[in-house]
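# Residue-level structural notes
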Amino acid sequence: MSWVLILEQTLNGLQFGLMLFLLAAGLTLVFGIMDMINLAHGSLYMLGAFLAAALVQATGSFVLGVLLAVPATAVLGMLLEMSVLRALYARDHLSQVLATFALILILNEAVRIVWGPDVPLTMPAALSGPVELLPGLFYPAYRLLIIGVGAAVALLLYVLVAHTRVGMLVRAGASNREMALAMGVDVRRLFTLLFGVGTGLCAVAGALLGPLLAVQVGMGENILILAFVVIVIGGIGSIRGALVGAVLVGLVDTIGRAFLPLFFGLFFQPRVASAAGPAIASVLAYVLMVAVLYYRPRGLFPARG
Amino acid sequence: MRRYATAAALVLALAFPLAAPESYYLSFASRIFVYALAATSLNLALGYGGMISFGHAAFVGTGAYVSSIFLAEGVASAWIGWPAAVAAAALAALVIGAVSLRTRGVYFIMITLAFAQMMYFLVNSMKAYGGDEGLTLPARASAGLGVDLGSDAVFYYVALAALACAVYGLHRLAHSRFGRVIQAIRENEARAEAIGFPVYRLKLACFVIAGAAGGLAGVLLASHGKYVNPNVLHWTQSGTLMVMVILGGVGRLWGGAVGATAYLGLEDLVANHRVEWIASVFPNYQQHASLGVGAVLLAIVLFAPQGIAGAFARGRRA
Amino acid sequence: MLELSNVSKRFGGVVATDGVALDVRRGEVHALIGPNGAGKTTLIAQIAGDLSCDSGAIMFEGADVTRAPQHERVRSGLARSYQITSIFRRFSVLDNLALAVQARSGSSFSFWRPVAAEPALANEARALAAQIGLAGREEAGAATLAHGEQRALEVGLALATRPKLVLLDEPLAGMGPEESQAMIALVERVRSEVAVLLVEHDMDAVFRLADRVSVLVSGRVIATGLPAAIRADAGVRKAYLGESAAA
């Protein structure tokens, strides 16, 4: 077990975690402020990936394609919010579950009709090679890009939420929705804007992860659950919690999958280790969530007082 | 009125195989009964008990896998495999419920979801029983007593019987002491505790009963197709069951059955029965059935909040 | 019958209950008064078991119930009513009361036999409805009741568990004069069977009903005694300065 391998997997975990953060940030705000369970959040991530793939093909440039896909997806998200989701804010959680589940079905099929079950999205040639970070430690340039973008977006979000008026309104809404409403915040526009931002973040994650994870119908469902796990760990309504939770989950999941089978191999027979290792590695994120909830029932950084 | 409708439906159901002996319809109807059973079991926990569990697929899946494993290991008798599977599902519900019911609201939803996903991944990695490709069974379990479960007609009656027992059981339960308390807990949990009910224990019992019934549905599901794969434990399956219950009417006796029938019927209708005027605009529409299903579901949520069974309730108290 | 010693509770930086010592004797009506925000409801919640105490002990009928879960305290005879009405809104008045009767009589792990086959539950519920002044309103949905009727049901639910001591948290909250008289009369009717710890702002009710009065200010009991003595107490008057009290 070399240091290179450990560092590599740690970076992979950080990369995955930062992308999870992009998904979780939008989700935690929607849930925290609008108190809405949105199962279709993963579908917006998928939509972002497909739009990016299509635009990259159309423009011939990865950068341009991704840069166009993000606002395009955000606009679609806002249209969705204004038409359908707005009607759900006042409804109970069960109705929201049903409605957004229906949206998953609709969006999956719609994407399949327009583009087919999957589309290729390849990383730009310039970034497909490795970069030497430290003597002997080579790391794919593209993944470094993802880490960079993820960190930059996190910083941007922090600045937005902590240092702007809109951010203050968002934080107020997250910690006490009724009070924010009573103080005359223009709720409808704020919600739509918020939803647009959340969708845009999903699109960034979808576009960037596309080359690594394959752009296909249904890619949203798997990552959606992890995003929910992240916001529960981090505390619903808290962006800081989403970041911490996402990085934790990303690290635990990636490092677990990489090393647990090896670790098991030290103590158990190969047959057991090769079966139990991956099985337990894949549930580590959930075990983490259960453990966090045991000690902190409202998550690590609950937004509500 | 309700009694006559139920009796009529029962008579129709009993006569159905005689009128439509083709395998396809019998098989489809059996599948509806099985899902109706699964949805009814979820309705107990969700609709009557107010516990929004997003991990019910774990119990259906446990029933499906345990019964299949018994068959795969050569134990052909349904009298051994089936009760064992239901017991396993009940045990899973006991463990998962004991931990999850210490939490509330969205945290409960997430923890039940987490447990179901854990089981999904666990089962996915069981290479001995098919792993992610699933497990195909050579034959259905044998019941002895001259009953051949391999026959589609016989299986149909077994599934119908299971569903009928479940619905009747739910009916008795809803009017029993237990049923009263559970619905009171759903209404106002704090006050139920404050008048002296051991709320946690009662909710757990409800959860376990629902899990056991879900396990039975899983047994029948695996038996029906003679095939089981990890997807039966995926959260989207829990979601589908939940959709069926909400569609049919949460907390209503026939909510699970009506919802399953409506959902599966709708799916089948769109996929297999061509409607010309839609096809003229949209030639391939049947391959994209789930879009239609999704659209109908969305419409129902937005415009008929009480579900289908609710729409027929005419102001009866839930 | 009920004895609190050094009971304390804090929420973050706020001390809600500060070393409270209080006792309620068999057969008495003991009123707990104090300005808004004194912590009366928090204290009631700790006695009943809705909240846990950070420190201190609660003894009921000689047994230590400090860590006992709420439903066990109710089973041993300690029940409460809520300041903010907390009833089963979608059930009828009769079903509300029948539930409480069911809770104290026999096990609820009965899955097959219909409740309708137990006329005793409904009969006792009917008697209770009459006792709390809701005779003739048994079939009404709880949500359709007038405010005063809902408060009566609120108290009725607590009484239906046949407690030895009942904690009434502002039963007169939001009531007009007629409804208040009816509630006071109800407490008068039951006082021979059950001890009462009564939290109230309505001083008329307090001085009519109470055998003893305790005054809670900022989470501490500053005085306990006979109503007349409390009325005259300088410290109590000072605490209430600015409060509108029918002195």
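For the structure itself, consult the block above.
Residues numbered from 1 in each chain as written. Chains lettered and ligands numbered in written order. Predicted model: local features only at pLDDT ≥ 70, side-chain atom pairs only at ≥ 80, totals over all residues.

### Observations concerning the overall build of chain A
Helices and strands together make up the secondary structure of chain A, namely eleven helices and four strands. Taking 19 Å as the expected radius of gyration for a compact globule of 305 residues, we find that chain A reaches 20 Å, a close match to that expectation. By its C-alpha atoms, chain A is 60 × 50 × 35 Å across when sized along the principal axes. Look at the contacts in chain A between residues 6 or more apart in sequence, and 77% of them connect residues 24 or more apart. (Helix = DSSP H or I, 4+ residues; strand = E, 2+ residues; numbered from the N terminus. Rg over C-alpha atoms; globule rule 2.2 N^0.38 Å. Contact = placed C-beta atoms within 7 Å.)

### Some words on the overall build of chain B
From N to C terminus, chain B includes 14 helices and two strands. Computed over C-alpha atoms, the radius of gyration of chain B comes to 20 Å, within 12% of the 20 Å expected from 2.2 N^0.38 for 318 residues, which places it in the range of a compact globule. C-alpha extents for chain B along the principal axes are approximately 55 × 50 × 35 Å. Relative to its full complement of 318 residues, chain B shows a buried share of 55%. A separation threshold of at least 6 residues defines the contact pool for chain B, and within that pool the share at least 24 residues apart is 76%. (Buried ≥ 20, exposed ≤ 12 C-beta atoms within 10 Å, placed from the backbone.)

### What about unusual backbone geometry?
All names here are of chain C. Residues other than glycine seldom take positive phi values, yet Arg-162 does so here, at roughly 50°. Among the secondary structure elements, Arg-162 is positioned in the loop between α5 (147-160) and β7 (165-169). For Arg-162, a count of 17 C-beta atoms within 10 Å gives the class partly exposed. Within the chain, Ser-218 stands out as a residue other than glycine whose phi angle is a positive 50°.

### Some words on the interface of chain B and chain A
Each partner contributes to the interface: chain B provides 32 residues, whereas chain A provides 33 residues. The set of elements that each furnish at least two residues to the side of chain B that touches chain A consists of α5 (105-124), α10 (235-248) and α13 (289-303) of chain B. In terms of residue count, the dominant contributor to the side of chain B that touches chain A is α5(B) (ten residues). Here the side of chain B that touches chain A is built from residues that sort into 23 nonpolar, eight polar and one charged. (Nonpolar A, V, L, I, M, F, W, Y, C, P; charged D, E, K, R; others polar.)

### Details of the interface of chain B and chain C
In this complex, chain B contributes 23 residues to the contact, which on the side of chain C involves 28 residues. Tallying contributions element by element places helix α7 (residues 177-187) of chain B first for the side of chain B that touches chain C, with six residues. For the side of chain B that touches chain C, a count of residues per class yields 13 nonpolar, four polar and six charged.

### As for the sheet that holds strand β4 (residues 55-60) of chain C
Residue and element names in this part refer to chain C. As summarised here, the arrangement of the four strands in space is β2-β1-β4-β5, forming an open sheet in which the pairing is antiparallel. Among the strands making up the open sheet, the edge pair consists of β2 (14-24) and β5 (63-64). Where β4 and β5 come together, two bridges link them in antiparallel fashion. Residue pairing across strands places Phe-60 opposite Ala-63, the latter belonging to β5. (Pairing = 2+ DSSP bridges.)

### Points about α10(B)
Residue and element names in this part refer to chain B. Between its first and last C-alpha, α10 extends 20 Å over 14 residues, near the 20 Å set by a 1.5 Å rise per residue. In terms of burial, α10 is a largely internal element, 13 of the 14 residues being buried. Positive phi shows up at Gly-249, right after α10, with a value of about 125°. (Expected span 1.5 Å × (residues − 1).)

### Some points on the sheet that holds β7(C)
All names here are of chain C. Spatial strand order, β6-β7-β8-β3-β9-β10: six strands in an open sheet with mixed pairing. Strands with a single pairing partner mark the edges of an open sheet, and in this sheet they are β6 (78-81) and β10 (220-225). Adjacent strand axes in the sheet meet at a mean angle of 20°, parallel and antiparallel pairs treated alike. Two elements, strand β3 (residues 29-33) and strand β8 (residues 195-199), share four bridges in a ladder whose sense is parallel. (Axes fitted to C-alpha atoms, helices over the stretch in contact; angles between N-to-C directions.)

### Thoughts on the packing of helix α3 (residues 57-72) of chain B against α5(B)
Residues and elements named next belong to chain B. Where α3 contacts α5, the two axes come as close as 9 Å, and the packing angle between them is 30°. Comparing the axis directions of α3 and α5 gives the class roughly parallel. Every residue of α5 that contacts α3 at Ala-57, Ala-58, Gly-61 and Tyr-65 is listed here: Phe-115, Ala-116, Met-119 and Val-123. (Parallel < 35°, antiparallel > 145°, perpendicular 65-115°, else oblique.)

### Some details on helix α8 (residues 187-213) of chain A
Every α-helix winds through 3.6 residues per turn, so residues three or four apart in the chain are directed the same way. All names here are of chain A. Between the first and last C-alpha of α8 there are 37 Å, a value that for 27 residues agrees with the 39 Å anticipated at 1.5 Å per step. At Ala-207, α8 shows its largest bend, some 25°, and a proline, Pro-211, comes one to four positions later. Of all 27 residues in α8, 19 are buried; the element is thus mostly enclosed. Note on α8: the residue one or two positions beyond its end, Ala-214, has a positive phi of about 80°. (Bend = angle between axes of the 7 residues up to and from the residue.)

### Looking at the pairing of strand β9 (residues 212-217) of chain C
Every other side chain in a regular strand lies on the same face of the sheet, so the side chains alternate between the two faces. All names here are of chain C. Among the six residues in β9, five count as buried, and that is most of the element. Sheet topology places β3 next to β9; four bridges connect them, and they run parallel. Across the sheet, residue His-30 finds its bridge partner in β9, namely Arg-212. Of the pairings in the sheet, the one linking β9 to β10 comprises five bridges and is antiparallel in character.

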